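The chain contents come next:
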Amino acid sequence: DMLSHIIKQLTDQPGMYEEVQVEIKEMFADLMGSRFVMSNAVELIFDHSINESNFRYMGARLCQLLDSLSLQQSNVFRTMLCLKMNHHKMEMERFMLNEQHIVRGTTLFLAELYIQMQNDGARIGEIGECIVSSMALLLNKQGPENVKCVCQSLKLCGYELEIDCGVLLVGIVNSLAQLETSVDVSTGRLIRSVLDLKANRWGRSAPIAVAPIQEVNHYDCNDSPVFYGPDGQVLTEEESSFLSAQASAAYPNNNNFEDYLDNDGDELADAEPEMDLEIQLAFREFVQTQKKTSSQIK
């Protein structure tokens, strides 16, 4: 049919995708609600993507395109895709007996699909879980091709899997780490590159937020006194204003300290109770001396 022709065309000439997608939109615009049509489309794209390594990326793009033609998140195409994927998942253990290449092809295609199908702004969790499940099967039956497939899949979507399926992914990463020293040199290097990539957040690093340097305007400096609170911190402008207002209310004549000394009698000479007798006497004598000196100046 027409879709089979388009798939073959894109396999041979992937550069024609931009031209072909217009034709696909017109072809399926009125058929997105048909379970029969969508099921056939999923079968064709899914199976061809598994068997043709050069088509996997393009197959994922076709799925994304068909999924985008429906405004509903749970559209018929996505439903048929999940049914196909779940059926394939149940067949995986059987494929592992004599057709491991199908499991590898499925895993790599799903990795592409996991990245591409985000039309609603979120990834499809079922795809991620299926990828991890397939990787676990591949690692249970060791072989360089299986390990290579797992490493390629992680390089493609390891970052997304760690976000969405972090707990499940731990077992996969641990299995790879254990295999690193027991496989051939080439495979061991591939495993090491993946482990290093994971340690480096899969090649993604959040930008370091550098606070802007505030320029100091030296012309704003003044010679005003600096006051400190009981905690040793500089009093803010608001705190200083508050204390000044309180002092003015309590001592209205404190603009002239000498007047205050004249009017308070010996009030300032009232020593603190914790002072011993000798210090109290010395303190009183000091206050009286200051008062006499002030009187002489006047």
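Residues numbered from 1 in each chain as written. Predicted model: local features only at pLDDT ≥ 70, side-chain atom pairs only at ≥ 80, totals over all residues. Heavy atoms only, no water.

The name given to the protein chain in an unreviewed UniProt entry is Putative translation initiation factor 4f ribosome/mrna-bridging subunit eif-4g, with the source organism recorded as Phlebotomus kandelakii.

Is there a simple way to explain the overall build of the protein chain in this structure?
On a plain count of helices and strands, the protein chain comes out with 13 helices and zero strands. Out of the 298 residues belonging to the protein chain, those deemed buried represent 34%. Within the protein chain, residue pairs in contact and separated by at least 24 positions form 65% of the contacts whose partners lie at least 6 positions apart. Approximately 18,700 Å² of the protein chain is accessible, and the part contributed by carbon and sulfur atoms is 52%. (Helix = DSSP H or I, 4+ residues; strand = E, 2+ residues; numbered from the N terminus. Buried < 20%, exposed > 50% of the residue type's maximum accessible area, 1.4 Å probe, protein only. Contact = heavy atoms within 4.5 Å. Areas by Shrake-Rupley, 256 points an atom, 1.4 Å probe, with all protein chains shown as cover.)

What am I meant to see in the packing of helix H3 (residues 35-51) against helix H6 (residues 100-116) here?
Viewed as axis vectors pointing N to C, H3 and H6 meet at an angle of 115 degrees, and their least axial separation amounts to 8 Å. The orientation of H3 relative to H6 falls into the category roughly perpendicular. Like other packed secondary-structure pairs, H3 and H6 cross with a definite hand, here right-handed. Together, Phe46, Ser49 and Ile50 of H3 and Ile102, Gly105, Thr106, Phe109 and Leu110 of H6 make up the contact between the two elements. Partitioning the contact of H3 with H6 into residue classes produces five nonpolar, three polar and no charged. (Axes fitted to C-alpha atoms, helices over the stretch in contact; angles between N-to-C directions. Parallel < 35°, antiparallel > 145°, perpendicular 65-115°, else oblique. Left-handed = near helix turned anticlockwise from the far one by under 90°. Nonpolar A, V, L, I, M, F, W, Y, C, P; charged D, E, K, R; others polar.)

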